[in-house]
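Remarks on the overall topology
What follows is the residue order along each chain.
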Amino acid sequence: MARLADYFVLVGYELDKRGSRDGQGQILQRFPEKDWEDNPFPQGIELFCQPSGWQLFTERNPPSFFVAVLTDISSERHYCACFTFWEAVESAQSQSHSRNGEEEEEESSSLVQPAQLFAPKSLVLVSRLDHTEVFRNSLGLIYTIYVDGLSASLENVIGNLLTCTIPITGGAQRTISLGAGDRQVIQTPINDSLPVSSCSVAVLFRQLGITNVLCLFCAALTEHKILFLSSSYQRLTDACRALLALMFPLKYSFTYVPILPAQLLEVLSTPTPFIIGVSSIFHSETQELLDVVIADLDGGTVTIPECIHISLLPEPLLHQTREALSMILDPELEIADLAFPPSTVSAPSLKMQDKEIRAVFLRLFAQLLQGYRWCLHIIRIHPEPVIRFHKAAFLGQRGLVEDDFLTKVLEGMAFAGFVTERGAPYRAIDLFDELVAHEVKRMRAEEGNKQKILRHIKELAEQLYKNENPYPAVTMHKVQKPTEGCYLRLHQRPFPRLDEGTVQWIIDQATAKLQTAPPAVKAEKKCMVPSGPPIAAIMERNGSALANSARRLEVVRNCISYVFENKMLEAKKLLPAVLRAMKGRAARHCLTQELNLHVQQNRAVLDHQQFDFIVRVMNCCLQDCTAMDEHGIAAALLPLVTAFCRKLSPGITQFAYSCVQEHVVWTNIQFWEAMFYCDVQNHIRALYLESNEENHVDEEGPQEEKSALEIASEQRRLWPTMSREKQQELIQKEESTVFSQAIHYANRMSYLLLPLDTSKNRLLRSSGLGDVESVSNSFVTNSIAGSVAESYDTESGFEDAESSDVANYVVRFINRFVDKVCTESGVTNEHLKGLHIMIPDIVQMHIETLDAVHRESKRLPPIQKPKLLRPSLLVGEECVMEGLRVYLMPDGREEAAGGNIGGPPLLPAEGAIFLTTYRIVFKGTPTDPLVGEQVVVRSFPIASLTKEKKINVQAQADQFIQKEKKINVPAQVDQFIQEVLQLRSCTFQLLRIAFDEEVASESAEVFRKHLHKLRYPQHVRGTFAFTVGQSPKQAMQPKAKEKNPSLRTLSKNLMKNAKKTIGRQYVTRKKYTPPTWEQRSSQHFQEDDEDEISVSEEIDRSTLTPSTIIKPSDKMTMSHLVERACCRDYQRMGLGTLSNSLTRSKNEPFRISTVNRMYAVCRSYPGLLIVPQSIQDNTIQRISRCYRQNRFPVICWRNSRTKAVLLRSGGLHGKGVVGLFKSQNAPTAGQSQTDSTSLEQEKYLQAVINSMPHYADASGRNTLSGFTSAHMSSAGKWGSIRASGRMSNYVLNMEIGSRLAGKDLLSAQHNGAPSEASFLRQHRASLYIIGDKSQLKGVKPDPLQHWEVVPIEVFDVRQVKASFKKLMKACVPGSPSTDPSLAYLRTLEESEWLSQIHKILQISVLVVELLDTGSSVLVSLEDGWDITTQVVSLVQLLSDPYYRTMEGFRLLVEKEWLSFGHRFSHRGAQTLAGQSSGFAPVFLQFLDCVHQIHLQFPMEFEFTQYYLKFLSYHYVSNRFRTFLLDSDYERIELGLLYEEKGERKSQQVYKSIWDYIDRLNKKTPVFFNYMYAPEDGEVLRPYSNISNLKVWDYYTQEVLSEGPSYDWELVQGQPEHVEEVDRQDSSAPQTKRKIIWPCYDNRSRVEPDAISKLLEELHNLEAELGQVPERWKDTWDKVKASQRTEARQEASRMASSSLLMSSSLLPHRRSLGVYLQESSVGSTLNLSLDSDTSSTSTPSSGKQGGPKSTSNLYSQFQMSESENRSYEGTLYKKGAFMKPWKPRWFVLDKTKHQLRYYDNRMDTECKGVIDLAEVESITPGTPTMGAPKTVEEKAFFDLKTTKRVYNFCAQDVQLAQQWIDRIQSCLSDA
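As the structure is a computational prediction, the values presented were derived from the model and not from experiment.

Cut-offs used in this document
- Residues numbered from 1 in each chain as written.
- Predicted model: local features only at pLDDT ≥ 70, side-chain atom pairs only at ≥ 80, totals over all residues.
- Heavy atoms only, no water.
- Helix = DSSP H or I, 4+ residues; strand = E, 2+ residues; numbered from the N terminus.
- Buried < 20%, exposed > 50% of the residue type's maximum accessible area, 1.4 Å probe, protein only.
- Contact = heavy atoms within 4.5 Å.
- Areas by Shrake-Rupley, 256 points an atom, 1.4 Å probe, with all protein chains shown as cover.
- Expected span 1.5 Å × (residues − 1).
- Arc of directions from axis to C-beta.
- Salt bridge = Lys/Arg side-chain N within 4 Å of Asp/Glu carboxyl O.
- pLDDT = per-residue confidence, 0-100.
- Pairing = 2+ DSSP bridges.
- Axes fitted to C-alpha atoms, helices over the stretch in contact; angles between N-to-C directions.
- Parallel < 35°, antiparallel > 145°, perpendicular 65-115°, else oblique.
- Left-handed = near helix turned anticlockwise from the far one by under 90°.
- Phe/Tyr/Trp six-rings, centres within 6.5 Å; stacked < 30°, edge-to-face > 60°.

1. Structural notes on the overall build of the protein chain
Of the regular secondary structure elements, the protein chain holds 64 helices and 46 strands. Looking at the 1870 residues of the protein chain, the share that counts as buried comes to 54%. Within the protein chain, contacts between residues at least 6 apart in sequence are counted, and of these 73% link residues at least 24 apart. Of the roughly 83,800 Å² that the protein chain leaves accessible, carbon and sulfur atoms contribute 53%.

2. Points about the environment of Ala392
Counting through the fold element by element, Ala392 comes out in helix α12 (residues 391-398). Judged by its relative accessible area of 9%, Ala392 is buried. Placed 15 residues apart in sequence, Ala392 and Thr407 show a C-alpha to C-alpha distance of 9.1 Å. Setting aside residues up to four positions removed in sequence, Ala392 forms contacts with Met628, Asp629 and Glu630.

3. Concerning helix α46 (residues 1357-1371)
The first and last C-alpha atoms of α46 sit 21 Å apart over 15 residues, in line with the 21 Å expected at 1.5 Å per residue. The set of residues buried in α46 consists of Val1357, Val1360, Ser1363, Phe1364, Leu1367, Met1368, Ala1370 and Cys1371. Buried residues along α46 cover an arc of 155 degrees about the axis, so they all sit on one side. Exposed residues lying more than 90 degrees from the buried face of α46 are Arg1358 and Lys1365.

4. Some thoughts on the pattern of salt bridges
Any two side chains of opposite charge can pair, given that their charged atoms come close. Per the counting criterion, the structure on display carries 73 salt bridges. Linking Glu459 and Arg442 is a salt bridge whose minimum nitrogen-to-oxygen distance equals 3.2 Å. Of this pair, Glu459 sits in helix α16 (residues 450-468) while Arg442 is found in helix α15 (residues 431-446), placing the two residues 17 residues apart along the sequence. Relative accessible area serves as the criterion here: at 35%, Glu459 is assigned to the partly exposed category. The class of Arg442 is partly exposed, set by a relative accessible area of 25%. For Asp1558, the salt bridge is made with Arg1450, and the minimal N-O distance between the two is 3.6 Å. A residue pair is termed long-range when its members are at least 10 positions apart, and Asp1558 in helix α55 (residues 1553-1563) and Arg1450 in helix α50 (residues 1446-1459) qualify at 108 residues. Each of Asp1129, Arg1132, Arg1208, Asp1440, Lys1455 and Glu1456 takes part in salt bridges that share partners, so that together they form one network.

5. Description of the confidence of the model for the protein chain
Low pLDDT means the predicted atomic positions in that stretch should not be read closely. Looking at the protein chain, pLDDT values average 75 and 74% of them are 70 or higher. Taking the mean pLDDT of every element in the protein chain, the minimum, 33, falls on helix α38 (residues 1090-1098) and the maximum, 95, on helix α52 (residues 1482-1496). Below pLDDT 50 for its whole length, residues 960-976 participates in 35 contacts with residues either more than four positions away or in separate chains. With pLDDT under 50 throughout, residues 1695-1763 is counted as low confidence; its partners more than four residues away or in other chains account for 146 contacts.

6. Quick notes on unusual backbone geometry
Of note, the bond from Glu315 into Pro316 is cis; its omega dihedral lies within 30 degrees of zero at 0 degrees. In this structure, Pro316 sits in the loop between β14 (301-303) and α9 (317-329). Residue Phe988 is not a glycine yet carries a positive backbone phi of 60 degrees. Tracing the backbone through its elements, the reader meets Phe988 in the loop between β27 (980-985) and β28 (989-995). Overall, the relative accessible area of 2% leaves Phe988 in the buried class. A positive phi angle is found at Glu1422, which is not glycine, with a value near 30 degrees. Along the chain, Glu1422 turns up in the loop between β36 (1416-1420) and α49 (1427-1439). Residue Glu1422 is classed as buried on the basis of its relative accessible area, which comes to 17%.

7. Quick word on the sheet that holds strand β2 (residues 7-13)
The five strands are arranged β3-β2-β6-β5-β4 in an open sheet whose pairing can be described as antiparallel. The two strands at the open ends of the sheet, each matched to only one other strand, are β3 (25-31) and β4 (64-71). Averaged over all pairs of adjacent strands, the angle between their axes in this sheet comes to 25 degrees, without regard to strand direction. Inspection of the sheet shows β2 paired to β3 by six bridges, in the antiparallel sense. The residue bridging Val9 from the neighbouring strand is Arg30, located in β3. Lying on the sheet, helix α5 (residues 154-163) is in contact with β2, β3 and β6 (118-127); it crosses β2 at an angle near 130 degrees.

8. Considering the packing of α15 against α16
Across the interface, α15 lies against α16 with an axial gap of 11 Å and an inter-helix angle of 170 degrees. Classified by the angle between their axes, α15 and α16 sit roughly antiparallel to one another. The handedness of the crossing between α15 and α16 comes out as right-handed. Contacts between α15 and α16 involve Leu431, Glu434, Leu435, Glu439, Arg442, Met443 and Glu446 from the first element and Lys452, Ile453, His456, Glu459, Leu460, Gln463 and Leu464 from the second.

9. A word on the packing of aromatic side chains
Inspection of the entire model under this criterion finds 82 aromatic pairs. Here the aromatic rings of Tyr657 and Tyr751 are separated by 4.6 Å at their centres, their planes lie at 5 degrees, and the arrangement is stacked. You can see Tyr657 sitting in the loop between β21 (652-655) and α24 (669-695) and its partner Tyr751 sitting in helix α26 (residues 724-753), a full 94 residues away along the chain. With a relative accessible area of 24%, Tyr751 lands in the partly exposed category. Aromatic pair Trp1457 and Phe1483: ring centres 4.9 Å apart, planes at 75 degrees, arrangement edge-to-face. With Trp1457 in helix α50 and Phe1483 in helix α52, this pair connects stretches of sequence that are 26 residues apart. Judged by relative accessible area, Phe1483 falls into the buried class, the value being 0%.

10. Side note on the sheet that holds β27
In spatial order, the strands read β25-β24-β23-β22-β28-β27-β26; together these seven strands make up an open sheet with antiparallel pairing. One side of each edge strand has no neighbouring strand; the edge strands of this open sheet are β25 (936-941) and β26 (945-951). If you compare each strand with its neighbour and ignore which way they point, the axes differ by 25 degrees on average. Direction of pairing for strand β22 (residues 879-888) relative to strand β23 (residues 909-916): antiparallel, over a ladder of seven bridges. Directly across from Tyr887, in β23, lies its bridge partner Glu910. In the packing of helix α33 (residues 1001-1015) onto the sheet, the strands contacted are β22, β23, β24 (919-926), β26, β27 and β28, and the crossing angle to β22 comes to about 125 degrees.

If you want it as structure tokens, here you go:
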């Protein structure tokens, strides 16, 4: 029983203090006057009666009532019910005490009645019970008696009120009367642990809404500060009460003040969490609170400051809670959309709704805390239970480790109270306990079923409601109320003073009566608290995962059993799978169980291999553990690490713990506490189980395993019945159990915290002990810790001092631990002191044993490392350094490391790095045992090395540690690494090597030095191409030049002659000298060449005129020059011949000039050049001065059809530019030499223009009126399929120069092909000069000249270098990028490599167009040897099919790149001199462009993509001499150019790459493109848009099985027989399947394309039969020839509709072609009908005129039907304007009324159509120029249409007549 009210207080306004600013209240009377013993009078009541401050009012307010809550020092809550009414202040006092400032006014108006003031007065009840309504009624009754003057005595009523007692709980109903004819019924809740909320919770939700209340709820649980604002005090109290009710079963333990008085507002800035209510008048004062969540009840808002993050409930609970709340609060929501909503929705009463909401939250807590009892550790049972909660295990098992909300709740004070209160195993239980124990399964089952959830909520709500209102039929209260408006009465007497004596007498009477009454015994219904299902049973996982993990667990078990059976090889094979499985929790648990089985009597001695293995698995197990160890893995391993050991030597044993210390979990004090408590609980359980078993030996049947909590519960029940001695004995036993465990743990902790080598301070750096301060606040207690930490940072002090520091640190750590756990678990003080004395000794002893172990462990034999594999070498290649043992580390390419792409991790691999005279080679085997049998080779030529850098070892090690999580690198690798080198090569290869510890750092240095020496030899003769076959030492010291026997007599003669001529014709006139070539090329020759060049150095070469008569001694030179490649090419194009007498044939427009045969005019040009016939040699010399490097314009190609020529030159010097555009007729005053030069320059260009045949018309201007039609039929193809009518829409008069000057060259067409219209302006220049925009600034074109300058912007070599660097980083990244902005495609785009290729292709296509339309072009960019060369070569490749053959491509490279002096040595940085300038892959860029064209026109090239890759690789490899040096001049000088045929020392060493390719091509079809089927005179126009370009797979592919496949000898003939051997060994069933690994196998060899495979089989069969095998080329040609004849016969024999089928293999068929896509996988044959779909992927190759698509196929079939061909035959047709006569196959078609023509009879593609409807007349014609010679005149006839006249010619007169008749008859029929 308890008192209903403890104190009654009367509080009034303190009138004496009125003069002060704030009024104050004072206690007028209180009853009883002396404090109750059990309940002292609370202080400060007067503040709470008027929370917003005591003030006087000018009018009476109605009485108010609210309940404030005070919390006393022992955190008991006192409920203060305040009933306040207003009383008038006596006027006499009010006048004398009038406020300052009002005095004068009041005196003057003293006659008038002054304004009356009213003071508040409060009746206050103080109680520990919260019966708001009873208090309201009682105080109301007292007020009514006073106000209405009822007869009852106030003293009586108050006395009765203070002596009234009621039961606290148990659901009693009590009727009380205060002796004034009143009656009240009080119901007490059945269970006082459940809070009483009446309807406050529902009201709170109405005020704030679901989301806001949930937010406040989470804020309260996660210990944020919460402030309620409202203008109503009662609402503040209700809201606070509601929030606490929602938090049940957790209790709020921080500051709780539902109504905070004004005087105490500074409480709001307290640092601790709180729930406080404040009147909203103080709203402004709350504004500056930065960390308080403010809930405004009146406005319905919750304001969360920016700096606060409130963790919300974990999903899906949050969503489910919201849904459930909305079902209760807004039931209409469900039916809002129904067409026929139910007529009424019964809304429950507010009180019931309140309980339903609480039920939702009760369910929520049951779900949040389900299974919590399984994580309780009971560490003492007697005298009082001590219980700890294992937070980490709970979170781990629930899978909520990452969840912010739950983690914070479990760490909070409320939960700590929950554990203390509810953890007890033997106590009374309530609704929550039942819910957690029995309903969790049900809640899980009902998830998602709204009806069932609602039903459950309603059931719970019923129980909660019943708890508050146990008796439904309540007899009505009867309490007198005052009359309406009584408070407004004017003459109300003040509240009387009460008689203390009377009240006190009543109280004493009642107290005496109570003491005589028998004590009411509260029957406590204690019982054992049910635990509910364990978490594991609740958290079901899906079946598939279980099945999957079962297989994995099997693997783990097998592996461990193999280890203990000593089958180490088997175990190693399983290891990777085990390590992968360890990612899963189940596998880690399984491992600990398996290891447990192999421990006998706490010890398991292993041999070294087993020990290493077990330690490695343990480490892997622990590395995924967090510091919390939420899955208990570290806990399970803890006993094992002290069990497994190995004998190092007699008497010295090493335990596993010394090898698994590197994990953060061991330094987490909370982990150790949880472990300790867990062990203590087990021991205490054992303690009681034993005693039980002694008593119940006779019980039969197996006993159920009792949990520790169950035992504890049983013990607590028996405790009161035990004797005093028995109780003492149990306490004693428990205490000593805890104490022994503490000693045990002190030992364990020293094992895991002291490093094996205590002399090193490894402890802090790697084990994370340094961070421990953050784990526990009380961690660093004394300053020693701080100083210790510092000494570690600076690594100062002596070794022994440091080891003792480690010891100190560990001792302090253990001491703290012991202090904490022993005080919590009640160990006696003596024991605790003893422990503190023991700990340093334990640590010291352990350090001593460790020293011995450390010493011995160093003597262990090293782990066996795999033997080094030697790489195979080329003939003449020799090792410079023997293999150094290294690890090849994974870089940023994921394929080999088995990253996200999958596949076995081939890297890291262990092996050796070899340095030869030619290459750097790594050869080794992967460290992953799954692929341990494979061999990994990675290599690149030394000459291609672009960057070498050292990598910080620590960084590399860290990367390993991260990688180890992804891919499993053996932990040992880490120990072996010393330094890491990263070598990058421009063949797109990266070697990242880590030297093994056995490699001395000096050796690594020697390696780097050698590498550097070989990479940058002093002179080009130091490169491998020259030193091959010599001993490497010789290579290092190049001899002086004269003594070098390799110089040919020829080159000597040549140089002598050059000197003579130079000496003789030395002229002293020095006008304008461009910088000489030698100065530009950064002192390219070393001192030892000086006597060779010194003469020419002093001379101004531009003024020299070498003799034109060739002396006999030079004849030999000439004949050699004539043999050069370019000369053959010039003759092929008919650009001039060199007859023996050197006489010129005058009618040729061009001649071959020998002006540069001594390389005197331009040192970087070839000896023979093509110039216009009319230009003299001496003019040439003068012209050459205007150009950079003297590279004057020379002709390099001529279009056989339009006779337009392509010229190349260097850029113009500044003066030259001006000269070029001066008008000729205004000579300046003093005509200097530059002027005459510029005139000669103009003459030169004019001569070029005159050479063009169509320039011969009188006007001298080529107006080309009929040009458009000519262009229509011009041969050539775009990389697209378009309609034929596309020409007509274009506007034909755009300015080409202005258009190209723009940034975007080819704007007109969407696909990157230049729009034709732009070329078709009526006045086309005969010569376009493509120059650099920056050079041609301010140049105005002169309308009288016949050439036009096209200024374009190009990139320079610096940009190429930068772009290439980025491209390499994108394709071969150094390390895997975590940053998404560094993803492959992004970096690729940023490199701008493809934009440069786009630019080159664009310019080239433009030039091709110009040439094809009959204008000549001079490309004059930069120095004329980089981008000029790229453009000129591409133009020829696109325009002339000859260059698309192997022979032609070679010739193109020799002519344009080698002879015209592209600076290979300089750009490739081949020697020391070029080292600073770096590598610029200009030639590679050209090859990439060719590759792009090859992709778009796969049938136009005789060679494959592999051929291009081969050149790309070898042009930087320096294996051949072809691409060495910068010009023919230098090659002659070194004697390279004219090597005699018989001079090779051995057949194997090839000096020239071309010989090598020829020889290889004879042996194997690797360079041959089977799809090669060229069209005659085909001009290619590739798309150049970036979207059409592909990244060349040369950049991204690698073959780890054999290294780069471009050194053919090294990779041939290995694999096949090896496989055979394997197959015989293996007992496994034989399989035909081949496994091909990307990045490991050479796919084109393992899986060759069909044709190569057949050729190879044929070859093998011939060899078996003993025949001499035929060459593959002959075989191939035969097959093709037979195919053609078959096709022809078939076509003639059968109806020609089948022609399509058979012709699919005809080489020149396109619309129905065989496309073999040449790719790295080997060719895939795919017959593609060239439909619209494929047209996007395969650029068309048809003539650009005809439309070509599937729609045409139909008409093709139609055409081939015979009835549509009324007459057909061959006619010669005269081409359009300026075109020759050509024979065509004509078909007259009556049905369609048209005359069609085809290229030949076999052709199915119509080349043109003449519509007979348009024919006006048909007349006999006359032969015109170029007509067939043999035909009679009468065979000619003309066909005149509305558009034009067609000229025809038949083979003879009869045929002509026949044609005319047929056409006439068709016309008349129509």
